[in-house]
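Spelled out from the first residue to the last, the chains are:
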Amino acid sequence: MWKRFKYHILIFFAVIGPGFITAVVDNDAGGIFTYSAAGAKYGYLPLWTLLPITVLLIVTQEMCSRMGAVTGKGLSDLIREEFGLRTTFILMAILVFANLTNMIADFAGIASSLELFGISRYLSVPLGAAAVWLLVVKGDYRSVEKIFLFACVVYIAYIISGILVRPNWKEAAIYSVKPVLMLEGGYITMLIGMVGTSIAPWMQFYLQAAVVEKGVTEKEYKESRIEVIVGCIVMSITAFFIIVACAGAIYSVAPRDIKDAADAALGLKPFGQYAYLLFAAGLFNASLFAACILPLSTAYSVCEGMGFESGVNKRFREAPIFYWLFTLLIVVGGAIVLLPNFQLVKMILLSQVINGILLPFILIFMTLLINKPKIMREWTNPRFYNAIAWTSVALMIGLTLALVALSVRDMLGSSAFLLLHRG
Amino acid sequence: MADEKLFLTELLGLKVFDLKGRRLGVVKDAAIVPLVDPVRIDRFLIGSGSSAWLTVRYDQVASISLDGIRLRDEILTPYHSDEYMLRVVRDLLDQQIIDAQGRKVVRVTDVTFEIRQEGETEILWVLDVDIGLRSVFRRLVQGIIPPRWVRKMHTRIPPHSIRWEFCNILEHDPQRRLRLNISNRLLEGMHPADLADIVEDLSPKDREAIFENIDSEVAADALSEVDPDIQASILESLETEKAAEIVEEMAPDEAADLLGGMEEETSEGILEEMEHAPKSEVRELLEFEEDTAGGMMNTEYVALDQAATVADAIQTLKVSEELLEALNTIFLIDSAEQLVGAVPLARLFLHEGATPLRDLAAETLIEVPVNEQQDRVTELFDKYNLLALPVVDQHRKLTGVITADDIISVLRQR
């Protein structure tokens, strides 16, 4: 009995990584900004959305990791095998573009967080880009994953800074379970933004690939699923503390719109040097972390889907397209942030639009794939689960498309300065 | 016809005309019947509008060109799924195959055929499987740009193809493998380390199918080279009987490491199923802690009585040829099986047959007890530049040998 239990524990630690890392990286620069903005403007009111977001996230992530474990193939492989080359090509082209905009947002996060520490972006961004490139190309998978898992731990910074701000816990607890709907343009926009940023196309590709890379099979899938669920919950907890920190520090003083995530960190300053520093450090960690994962995941998905050689264990000559794609994403992403009149908010809006356009296709393909007995054998969705899955997918798509519409409106709007929030 | 090549992207959608030049439909798929001929396209599957597909046999074709396929016999049968057919679009296009020459897993983007004149018919031979950018380009513009333009344009992109005879198709249904006559001959001819790399790139189902079907000896060699995590999952997925056959062929220390990392039920099942001698050795090895000398050692070694001569040693080596590959030391034991000396193999060549081995033994005898820690063992290898290190039990009886390759794998895993 004990032996079996011990075996399961061992398996759990052997499969830990993919689900955790994906869910945690989800709180990248863009995510942190969205949650900070929500807390700064509306205080504790938006907290209730975290519960449904967690459920939606778990449903979609679970399907991905199950596909990875059962088929042993990446999502782009499966799309290629079942939907052909042309579909794959179009999806991959959009994915590259979407992830490039995500990269830019993350490099902007690196720049602005380090500027709080007095480091110029003309130093931090090139160094960050070089570090990312070297870590992924020269580091071996096991040690890189350990560094990533350590980066996950740094997210505790948000929890601590949330506590340091001494928010109103009673209100936070009440509004976590009490849905508040206001028929106010800004509030609804914010809710959509929160759901929309909580799930991105790259996550599906990364998670499934990571599950495969980890060698998780049907046998260990039970443990892997727990890991995915725990990861999603951890992601929500981090989001909770970001909102609470900004609610306690900014909203309770004077509700306002924030400019970027670094602005949120500044708002925490009156509540102690540590709260401020931890928040800024958390932003830096999250941005750098996402900047590591994104180019790698993109290059893998594209090369596998298109049938080009891929893998960091290959030489440059063996897998040129893989390395070029990977390098270009880093270089171009970093360079754009350094342009003289770079507009971060417009970039985040653009990234939300492209991610939002791509996501419905990915989610629909995923749900179609997971229901094919030819691929999934006895692991297809049970009927009731399928109902949940399609509902979640429809809900996600609906909210994402709403976000796309709002972002497009803001991009076209002449004073597109305040992202999503003009109460 | 001037150009004798035809790509699958061009074949699909090609119009098919009967004897009077009337259009019957367009090509939807083409099939090989590997049991009859593994290279020739045996059937063309024709579709028109909503009606059922028709089958054209290869000998019913008069000519094939970019302008269409002309038939010389128009008595066509409706298509019904034939289990002996390998359908190019359904079973090959966009799927993974193994390139046995380039030693990697690749994805099929297009297929190149050769048009050959044979008597009064023109037939298609499968020439290459295309995987590079050039074929990606053809696929993307297929049906959008006329084929002749595509041919002009794509010459700017370097081709990347694999000859059909080096392609190993993956199929995990054993029945279908037989019907399609898919052999693993190409894989069995590869270096075990290359085969191991390929296997690591495949999905678990495909791995299982390969190990289920290749020769046990090849499987054992390849399995030893596979990443330890994957090793266990492959072995667990196989039928116990096949797994046991493979483990029997492995070196006992590797077998013990592998089984030691598995769930006890499964490894016990495999051990039960094993027949030959290594069984008891593997069992003994399993008793030792993994990170001690006992867990690292191998029980395949040559030990002779201390009174033996060079001639005796050579005689022994002649009968235990399977050990020679990695052998570099002969050990000397006394009547109580206690270790008394180690003779470097190369010294045998420098002495007459009657020389006692004792005289050739290395000056210092280095040995470790079975419970020695792994770190200490690697240290000894480094310090004394060892190739082989004898392991003794508490009575100084020789029980196993650690070789340099064991140390390399230990260091690699850190």
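Computed from a predicted structure; not experimentally measured.

Draft legend 1. Up close: the overall build of chain B. Secondary structure summary: chain B contains 18 helices and 21 strands in total. For 414 residues, the compact-globule estimate of 2.2 N^0.38 gives 22 Å, and chain B exceeds it by more than 25% at 30 Å. When its C-alpha atoms are laid out on the principal axes, chain B stretches across 95 × 45 × 35 Å. Here chain B holds 414 residues, and 35% of them are scored as buried.

Draft legend 2. Examining the overall build of chain A more closely. Along its length, chain A carries 18 helices and zero strands. The C-alpha radius of gyration computed for chain A amounts to 21 Å, which stays within 12% of the reference 22 Å derived for 423 residues, consistent with globular compactness. C-alpha atoms of chain A, sized along the principal axes, occupy 55 × 45 × 45 Å. By residue count, 55% of the 423 residues in chain A fall in the buried class. Sequence separation of 24 or more characterises 85% of the internal contacts of chain A that already satisfy a separation of 6 or more.

Draft legend 3. Structural view of the sheet that holds strand β19 (residues 368-369) of chain B. Residue and element names in this part refer to chain B. In space, the three strands of this open sheet follow the order β19-β20-β21, with mixed pairing throughout. For this open sheet the edge positions go to β19 and β21 (398-403), each flanked by a neighbour on one side alone. Looking at chain direction, β19 and strand β20 (residues 388-392) are connected through two bridges and run parallel. The partner of P369 across the bridge, within β20, is V392. Packed onto the sheet, helix α17 (residues 374-384) meets β19, β20 and β21 and runs at close to 140° relative to β20.

Draft legend 4. Representation of the interface of chain A and chain B within the structure. In this assembly, 14 residues from chain A lie in contact with 16 residues from chain B. Of the residues forming the side of chain A that touches chain B, the biggest block, six residues, is contributed by helix α5 (residues 75-116) of chain A.

Draft legend 5. Inspection of the environment of K138 of chain A at higher detail. Mapping K138 of chain A onto the fold places it in helix α6 (residues 121-138). Between the alpha carbons of K138 of chain A and V312 of chain A there is a distance of 8.0 Å; along the sequence they are 174 residues apart.

Draft legend 6. Highlighting the confidence of the model for chain A. All names here are of chain A. Chain-level statistics for chain A give a pLDDT mean of 84 and a share of 93% at 70 or above. For chain A, the element scoring lowest by mean pLDDT is helix α1 (residues 2-15), at 56; helix α15 (residues 320-338) scores highest, at 93. This stretch, residues 414-423, has a pLDDT under 50; its non-local contacts, to residues over four places away or in other chains, come to 26 contacts.

Draft legend 7. Inspection of the sheet that holds strand β18 (residues 339-344) of chain B at higher detail. All names here are of chain B. Ordered by their spatial adjacency, three strands build an open sheet running β16-β17-β18, and the pairing between neighbours is mixed. Lying at the two open borders of the sheet, with one neighbouring strand each, are β16 (303-305) and β18. Taking the axes of each pair of neighbouring strands and ignoring which way they run, one obtains an average angle of 30° across the sheet. Across three bridges, the pairing between β16 and strand β17 (residues 329-333) is parallel. Looking at the pairing, D305 lines up with I333 of β17.

Draft legend 8. Structural context of the packing of helix α4 (residues 50-71) of chain A against helix α16 (residues 344-370) of chain A. Residue and element names in this part refer to chain A. Contact geometry for α4 and α16: axes closest at 10 Å, N-to-C directions at 50°. Here α4 is positioned oblique relative to α16, judged by the angle of their axes. Judged by the sense of rotation from one axis to the other, the crossing of α4 with α16 is left-handed. Side by side, α4 and α16 meet where T60, M63, C64, R66 and M67 of the first sit next to L363, M366, L369 and I370 of the second. Here the residues of the contact of α4 with α16 are counted per class, giving seven nonpolar, one polar and one charged.

Draft legend 9. Structural view of the nonpolar core. Judged by nonpolar contacts, the single largest core of 144 residues is most densely connected at I243, A245, C246, F279 and L283 of chain A. With 21 residues, the single largest contributor to this core is helix α14 (residues 273-306) of chain A. In this structure, I41, L71, L92 and L258 of chain B belong to the second largest nonpolar core, which totals 73 residues.

Draft legend 10. Structural detail: the environment of G72 of chain A. Following the sequence through the fold, G72 of chain A ends up in the loop between α4 and α5. Along the backbone, G72 of chain A and V195 of chain A are 123 residues apart, and their C-alpha atoms lie at a distance of 30 Å. Setting aside chain neighbours within four positions, we find G72 of chain A in contact with V212 of chain A together with S203, P204 and K205 of chain B.

Draft legend 11. Region of interest: unusual backbone geometry. Despite not being glycine, R166 of chain A has its phi angle at roughly 55°, a positive value. Positive phi, close to 55°, is recorded for R103 of chain B, a residue that is not glycine. Here R103 of chain B lies in the loop between β10 (96-99) and β11 (104-107). Take R103 of chain B: there are 15 C-beta atoms within 10 Å of it, and that puts it in the partly exposed class.

Draft legend 12. A look at the packing of α5 of chain A against helix α11 (residues 201-213) of chain A. All names here are of chain A. Viewed as axis vectors pointing N to C, α5 and α11 meet at an angle of 125°, and their least axial separation amounts to 10 Å. Taken together, the axes of α5 and α11 are oblique relative to one another. For the pair α5 and α11, the crossing hand works out as left-handed. Two secondary-structure elements touch here, α5 through L75, S76, L95, A98, N99 and N102 and α11 through P201, W202, Q204, F205 and Q208. For the contact of α5 with α11, the class distribution of residues is six nonpolar, five polar and no charged.

Draft legend 13. Structural context of the pairing of β10 of chain B. Residues and elements named next belong to chain B. Bridge count for β10 against β11 is four bridges, and the pairing is antiparallel. Residue D99 lies in a different strand from β11, and its bridge partner there is K104. Hairpin geometry of β10 and β11 is characterised by an intervening segment of four residues between the two adjacent antiparallel strands and by a positive phi of about 55° at R103. Pairing of β10 with strand β15 (residues 167-169), which is carried by three bridges, proceeds in the antiparallel orientation. In the strand pairing of β15, I98 is matched with N168.

Draft legend 14. Structural detail: the confidence of the model for chain B. When the pLDDT values of chain B are averaged, the result is 87; 99% of them are 70 or greater. Taken together, the chains of this predicted complex give a pTM of 0.81 and an interface ipTM of 0.78.

Rules and cut-offs
Residues numbered from 1 in each chain as written. Chains lettered and ligands numbered in written order. Predicted model: local features only at pLDDT ≥ 70, side-chain atom pairs only at ≥ 80, totals over all residues. Helix = DSSP H or I, 4+ residues; strand = E, 2+ residues; numbered from the N terminus. Rg over C-alpha atoms; globule rule 2.2 N^0.38 Å. Buried ≥ 20, exposed ≤ 12 C-beta atoms within 10 Å, placed from the backbone. Contact = placed C-beta atoms within 7 Å. Pairing = 2+ DSSP bridges. Axes fitted to C-alpha atoms, helices over the stretch in contact; angles between N-to-C directions. pLDDT = per-residue confidence, 0-100. Parallel < 35°, antiparallel > 145°, perpendicular 65-115°, else oblique. Left-handed = near helix turned anticlockwise from the far one by under 90°. Nonpolar A, V, L, I, M, F, W, Y, C, P; charged D, E, K, R; others polar. Core = buried A, V, L, I, M, F, W, Y, C linked by C-beta atoms within 7 Å.

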